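Listed here are the chains, written in short residue letters.
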Amino acid sequence: MATFNLKINGKTQTVDVDGATPMLWVLRDHLQMVGTKFGCGIAQCGACTVHLGDNAVRSCQLPVSAVGEQEITTIEGLSEHGDHPVQKAWLEVDVPQCGYCQAGQIMTASALLKHNPNPTDDEIASAMHGNICRCGTYTRIKKAVKIAAENNS
Amino acid sequence: MTLVKSTLGRRAFIRNTGLAGGGLVLGFSFFNSCKPKVAEAVGMELEMPKEWFEINGYLKIGDNGVVTIMSPNPEIGQNVRTSMPMIVADELEIDWKNVVVEQAPLNTNLYSWQVAGGSRSISSSWQNLRMAGATARQMLKEAAAKAWQVPASEITAIAGVLSHEASGNTAGYGDMASAAAQLEVPEQVELKEITDFSIIGTTRKNVDGKKIVTGKPLFGLDVQREGMLIAGLVHPPAFGKRLKSFNADAAMGMPGIKEVFSLKLYEDDFDKMAFHFTAFNEVLVVVGESTWQVFQAKKAIEVEWEDAPDVTQKMSMFGNQMEVKHPAGMENSEGHMSKLKELIARNAKVARKDGNPEKAFKNAAKIVERSYSCPFLAHNTMEPMNFFAHVTEDHAELLGPTQTPEWMEPAVAERLGLPLEKVDIQMTRQGGGFGRRLYGHFMVEVAAISQRMKAPVKLVYTREDDMTQGIYRPAYYATYRAALDADNNLIGFHVRAGGIPESPLFANRFPAGAIDNYLAEDFTVDTNITTGAFRAPRSNFIAGAEQSFLDELAEEMGKDPIDFRLELLKRAEENPVGNPESNDYDASRYAGVLELVREKANWGQNQEGIHRGVSAYFCHQSYVAQVLDIVMEGDKPVVEKVTAAIDCGIVVNPGAAANLSEGGAVDGIGHAMYSGLTFKDGSAEQTNFDRYRLIRHAEAPKAIETHFVKNDIDPTGMGEPPFPPIMGALANALYKATGRRYYNQPFITDKPPLVG
Ligand code: FES
Ligand code: FES
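Keep in mind that what you see is a predicted model, and the values were worked out from it rather than measured.

## Some words on the overall build of chain B
Across its full length, chain B carries 16 helices and 34 strands. For chain B, whose C-alpha radius of gyration is 28 Å, the value lies close to the compact-globule estimate of 27 Å for 756 residues. Taking all 756 residues of chain B together, 63% fall into the buried category. Within chain B, residue pairs in contact and separated by at least 24 positions form 76% of the contacts whose partners lie at least 6 positions apart. Counting every atom, chain B has about 27500 Å² of accessible surface; 48% of that belongs to carbon and sulfur. Once the 77 positive and 96 negative side-chain charges of chain B are each reduced to a mean point, those two points are 2 Å apart.

## Focus on the interface of chain B and chain A
Between chain B and chain A, the residue contacts involve 61 residues of the former and 52 residues of the latter. Each partner contributes to the roughly 4700 Å² buried at the junction of chain B and chain A, and carbon and sulfur atoms together form 59% of this total. The largest share of the area that chain B buries against chain A comes from B:Met382, B:Arg696 and B:His697, three residues that together contribute 18% of it. Here chain B is connected to chain A by 4 salt bridges. A salt bridge links A:Arg28 to B:Asp222; the nearest nitrogen and oxygen atoms lie 3.0 Å apart. For the side of chain B that touches chain A, the elements supplying multiple residues, two or more each, are helix H4 (209-213), helix H6 (291-299), helix H11 (463-467), helix H15 (654-673) and strand S34 (703-708) of chain B. Here the side of chain B that touches chain A gets 9 residues from one element, more than from any other, and that element is H15(B). Considering only residue class, the side of chain B that touches chain A consists of 25 nonpolar, 22 polar and 14 charged.

## Observations regarding the packing of aromatic side chains
Pairs of aromatic rings are described using the distance from one ring centre to the other and the angle between the two planes. All names here are of chain B. For the structure on display, the rule yields 30 aromatic pairs over all chains. Between the aromatic rings of phenylalanine 239 and tyrosine 472, the centroid separation amounts to 5.9 Å while the plane-to-plane angle is 75°, which identifies the pairing as edge-to-face. Taken together, the residues phenylalanine 239 in the loop between strand S12 (229-234) and strand S13 (241-247) and tyrosine 472 in the loop between H11 and strand S26 (475-484) connect sequence positions 233 residues apart. Of the two residues examined, phenylalanine 239 and tyrosine 472, each falls in the buried class. Across from the ring centre of tryptophan 113, 3.8 Å away, lies the NZ or CZ of arginine 120, which sits over that ring. Between arginine 481 and the ring centre of phenylalanine 361, over which it is positioned, the NZ or CZ distance is 4.3 Å.

## Regarding the domain arrangement of chain A
All names here are of chain A. Domains assigned within chain A are domain 1 (2-76) and domain 2 (85-152). Here domain 1 and domain 2 have C-alpha centroids that lie 21 Å from each other. Listed per partner, the contact involves 18 residues of domain 1 and 14 residues of domain 2. Where domain 1 abuts domain 2, roughly 1300 Å² becomes buried across the two surfaces, and 55% of that area is made up of carbon and sulfur atoms. Among the residues domain 1 hides against domain 2, the three largest losses belong to His51, Asp54 and Ile75. Together they make up 39% of the total. In this assembly, domain 1 and domain 2 are joined by 1 salt bridge. A salt bridge links lysine 114 to aspartate 54, with the shortest nitrogen-to-oxygen separation between them at 3.5 Å. One can count 9 residue pairs in polar contact (both at pLDDT 80 or more) joining domain 1 with domain 2. Class assignment for the residues of the side of domain 1 that touches domain 2 results in 6 nonpolar, 9 polar and 3 charged.

## Let's talk about the environment of B:Gln321
Residue and element names in this part refer to chain B. Summarising the element assignment, glutamine 321 is placed in strand S19 (residues 320-326). It is 10.0 Å that separates the C-alpha atoms of glutamine 321 and aspartate 271, two residues lying 50 residues apart in sequence. In this view, glutamine 321 contacts Met315 and Ser316; residues no more than four positions away in its chain are not counted.

## So, the sheet that holds strand S31 (residues 636-647) of chain B
All names here are of chain B. Read from one edge to the other, the open sheet built from 4 strands follows the order S29-S30-S31-S34, with strand pairing classed as mixed. Every interior strand has two partners, whereas the edge strands, strand S29 (611-619) and S34, have only one. Ignoring strand direction, the axes of neighbouring strands in this sheet form an average angle of 20°. Across the sheet, helix H16 (residues 725-738) lies against S29, strand S30 (622-633) and S31, angled at about 160° from S29, the strand it touches most.

## Quick look at the nonpolar core
Within the largest apolar cluster, 128 residues are counted, with the highest numbers of intra-cluster contacts made by B:Leu398, B:Ile449, B:Tyr472, B:Leu628 and B:Leu730. When neighbours within four sequence positions are excluded, B:Leu628 is seen to be in contact with B:His611, B:Arg612, B:Gly613, B:Val639, B:Lys641, B:Val642, B:Ile669, B:Ile726, B:Ala729, B:Leu730 and B:Ala733.

## A short note on the environment of A:Ser65
Residue and element names in this part refer to chain A. The residue serine 65 is located in the loop between strand S4 (55-58) and strand S5 (71-73) in this model. Accessibility expressed as a relative area gives 46% for serine 65, which makes it partly exposed. For the pair serine 65 and leucine 6, spaced 59 residues apart in the sequence, the C-alpha separation amounts to 9.9 Å. When residues no more than four places from it in sequence are discounted, the contact partners of serine 65 are Phe4 and Gly19. One polar contact links the side chain of serine 65 to the main-chain carbonyl oxygen of glycine 19, over a distance of 3.1 Å.

## Quick word on the sheet that holds strand S9 (residues 161-164) of chain B
Residue and element names in this part refer to chain B. On the basis of which strands lie adjacent, the open sheet formed by 3 strands has the order S8-S9-S10 and antiparallel pairing. Edge positions in the open sheet fall to strand S8 (155-158) and strand S10 (169-172), since each of these has one partner strand only. With direction set aside, neighbouring strand axes in the sheet form an average angle of 20°. Across 4 bridges, the pairing between S8 and S9 is antiparallel.

## Overview of the domain arrangement of chain B
Frequently, the measure chosen for interface size is the accessible area removed from exposure when the parts meet. Residue and element names in this part refer to chain B. By domain assignment, chain B separates into domain 1 (2-214), domain 2 (220-312 + 385-460) and domain 3 (348-377 + 472-749). The C-alpha centroid of domain 3 is placed 38 Å from the C-alpha centroid of domain 2. In this assembly, 11 residues from domain 2 lie in contact with 13 residues from domain 3. It is Phe239, Phe434 and Tyr439 in domain 2 that bury the most area against domain 3; as a group they hold 65% of the surface buried on that side. Summed over the shared surface of domain 2 and domain 3, the result is 0 salt bridges. Linking domain 2 with domain 3 are 4 residue pairs in polar contact (both at pLDDT 80 or more). Looking at side-chain class alone, the side of domain 2 that touches domain 3 contains 8 nonpolar, 2 polar and 1 charged residues.

## Describing the side chain of B:Asn206
Inspection of the secondary structure puts B:Asn206 in the loop between strand S11 (188-191) and H4. In this structure, B:Asn206 is in contact with A:Asp94, A:Pro96, A:Gln97, B:Asn79, B:Thr82, B:Ile212 and B:Arg429, ignoring residues within four places of it in sequence.

## A few points about the packing of helix H12 (residues 539-556) of chain B against helix H13 (residues 561-574) of chain B
All names here are of chain B. Between H12 and H13, the least distance of the axes is 9 Å, while the angle of their chain directions is 105°. With respect to their mutual orientation, H12 and H13 come out roughly perpendicular. Together, Gln547, Leu550, Asp551, Leu553 and Ala554 of H12 and Pro561, Phe564 and Arg565 of H13 make up the contact between the two elements. Of the residues contributing to the contact of H12 with H13, the split by class is 5 nonpolar, 1 polar and 2 charged.

## Brief notes about unusual backbone geometry
In this chain, B:Ile500 is followed by B:Pro501 through a cis amide linkage whose omega measures 0°. Inspection of the secondary structure puts B:Pro501 in the loop between strand S27 (490-500) and strand S28 (518-524). A cis amide bond links B:Gln745 with the next residue in sequence, B:Pro746, at an omega value of -5°. Relative to the assigned elements, B:Pro746 resides in the segment after H16. A positive phi angle, close to 50°, is found at A:Gln32, a residue other than glycine. Given the relative accessible area of 41%, A:Gln32 is considered partly exposed. Phi at B:Glu93 takes a positive value of approximately 70°, unusual for a residue other than glycine.

Quick notes on the rules
- Residues numbered from 1 in each chain as written.
- Chains lettered and ligands numbered in written order.
- Predicted model: local features only at pLDDT ≥ 70, side-chain atom pairs only at ≥ 80, totals over all residues.
- Heavy atoms only, no water.
- Helix = DSSP H or I, 4+ residues; strand = E, 2+ residues; numbered from the N terminus.
- Rg over C-alpha atoms; globule rule 2.2 N^0.38 Å.
- Buried < 20%, exposed > 50% of the residue type's maximum accessible area, 1.4 Å probe, protein only.
- Contact = heavy atoms within 4.5 Å.
- Areas by Shrake-Rupley, 256 points an atom, 1.4 Å probe, with all protein chains shown as cover.
- Lys, Arg positive; Asp, Glu negative; His and termini not counted.
- Charge placed at Lys NZ, Arg CZ, Asp CG, Glu CD.
- Buried area = accessible area lost by both parts, 1.4 Å probe.
- Salt bridge = Lys/Arg side-chain N within 4 Å of Asp/Glu carboxyl O.
- Nonpolar A, V, L, I, M, F, W, Y, C, P; charged D, E, K, R; others polar.
- Phe/Tyr/Trp six-rings, centres within 6.5 Å; stacked < 30°, edge-to-face > 60°.
- Lys NZ or Arg CZ within 6 Å of the ring centre and 35° of its normal.
- Domains from an automatic or database assignment.
- Polar contact = N/O pair within 3.5 Å; in protein donor to acceptor, adjacent residues only side chain to side chain.
- Pairing = 2+ DSSP bridges.
- Axes fitted to C-alpha atoms, helices over the stretch in contact; angles between N-to-C directions.
- Core = buried A, V, L, I, M, F, W, Y, C linked by side-chain atoms within 4.5 Å.
- Parallel < 35°, antiparallel > 145°, perpendicular 65-115°, else oblique.

This is the structure we're talking about:
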């Protein structure tokens, strides 16, 4: 066990856990921030996606000891009032079916738009490749990403 | 208006007196916190009333006119939490923006069919939901009539406002709710005319949308309680193995670990229902403080497994007793395939025979014969299996994702030794179902663990646990034969189908009834690999096989594939073969979706570089036709577009139904093209998404368009029907694009490989 001071969604949070504990479980079990989802645990489904700095990362494969000073953003901190352009676009298109994968999809999409405000269809598909939606909402996701890009520019 | 006797769903109108006027007692909270004063209604914030008045089991009205509507059924992504309350709200005549939706707990006194299965949520509750709203509307009118001393028949109710034109009186529902709640339930209620619907038939967005996109706790895995422990299971590594012994010393020494023990789920004489079933009745349990610690400790247990003997499971399915044999031994996929091929070559059990098929085949000028196969599949709901339980001496509280709370309750009660009424089950939103959560052994497991630990416990499966635990879609095989005469007329049709462990055959579905000489046979193979219902059971294979065969047959006969199907359907409609009652489809509705898709997809207007396939199928009382367009990018087939035509009766929420149509198409393309579970020495060879391939973004169709047939038929299934036919449309379009027919799923590995 060790103490870690983490910068999450603009606040400093202190946890006392084994350094090998993935950020996913630090968030979910220790900080009761359950918006970040568990899907596979091996970086294959994207359900656990958070931002580390400006990049989308799979928190199930990110040991808490590797975070250091880097800022983490989770779905709960993407916007204060749930009005990030990507969240708004998701609501406009009414993307979710079961909804379980959507936090991860939104975190990947919002990181993509940060780096590439006007992605092509192919760029969207390749950036989103790591996020599985078992319900098959892919066409809606693509539409929502494009709307978010338009509204952002 | 249509008058109906409200006695139809009488028990749903029993008021739960413990709740009347008592405020927000129903529902649960994820973090033990109090109910908020402000609730999210349909995406916006609404001030909560000071007092609630329960009108019936489906709805309560606040003194400020806000209405809470209970959604009785499990929400697995089919959007019933929005669509079911819409039906109540329409009949109640309330503005949708004043509605708050709450998930109802399991309550067999109030609701019927609290199941997410068979695509029946809407169809089975359609009448009750309408009556719940209409009854409340009538009671509000009667309360106003009393207050104003005018006849109730002169009062109108529009968008939550009661008015009496002659006297000039008006009142909001909130003003009359208290008085209405005291009234007797009327003997008869008037239902609205279909043409007067103002909410049904309009798109309403997912009531949980805002919570989903902001990461609010909604799912079973999100449940947290004071003092809650986490449990994980270790099950045998192969079907055909069972626990012999274990040493947990190392695991017990790991941080946060409380206990490791073996758990026998059911006694041998337990009267099981098929939905109680588990492949592994004895498992190891690890209980600890946090999920990660438990996952780590599971790997540290030293276990010795041994070969299990032959087992015969007795179980019941809606009153029918059945015996399921699980032979001893470790099975392999090659062995499965050779067994299926061996049996497909022999005569099998005749399920239907019309005319003289033997003679037709004997006299045929040409016989077309093709075989189709598909592998086992894991459901792979995005949210792995999990459940929460808090069991005390005399009470059990369960909370989590289940498609069958009602059917699991007796198993939980029996395992705990508690009477049924001491077991309370509530449902969270669920990260997918697809049939997997019909089988709720995990609820019994977590209840037993909580009872032993004397603590609240959440059981969490890893993805590997989930994927290797069984309850798979069975592996199927089918051979189709058609007899053609010298003029290329279809004179005989034969299907022989089998599966491990069930047959995929629907002997009385199309083209049965359309061909004079028809033979359908089937067979089964026992296995110790456990299987269960998977979105559109059996149809999820046989539709694609049949629709691929019909495509090939049309080509052989020199006919357009839609015209060919329409000819057969015309015959089935005008002069059906066999007893018309036995043909379990409506030929004109079937033809209707084919005609609609032909028009909407501009079928027949060939476009350079676009390769099209068509398919149509009937299941869960609905009809779906799909046209799928492929373009080749180099040697890679890309699905450009899917056009779907659907007849599911009245469409309650068109936007949500379109979402299901899109999901069904993606799901069908994905599984037919990429997915499969294979076995070696009794173990699944794919245990996570690194080797189990699910469809991803770039592989999904670029566009999906859905068109609904407009009619006044009561709603039928929507969750399952769009899934099976697309596999046929895909195979048929692939043929046009590549010149090759695909017979064995997943097509990506059908020899020779589709793409590199
Ligand atoms: S849970 Fe991290 S990628 Fe699947
Ligand atoms: S919405 Fe269910 S997994 Fe994506």
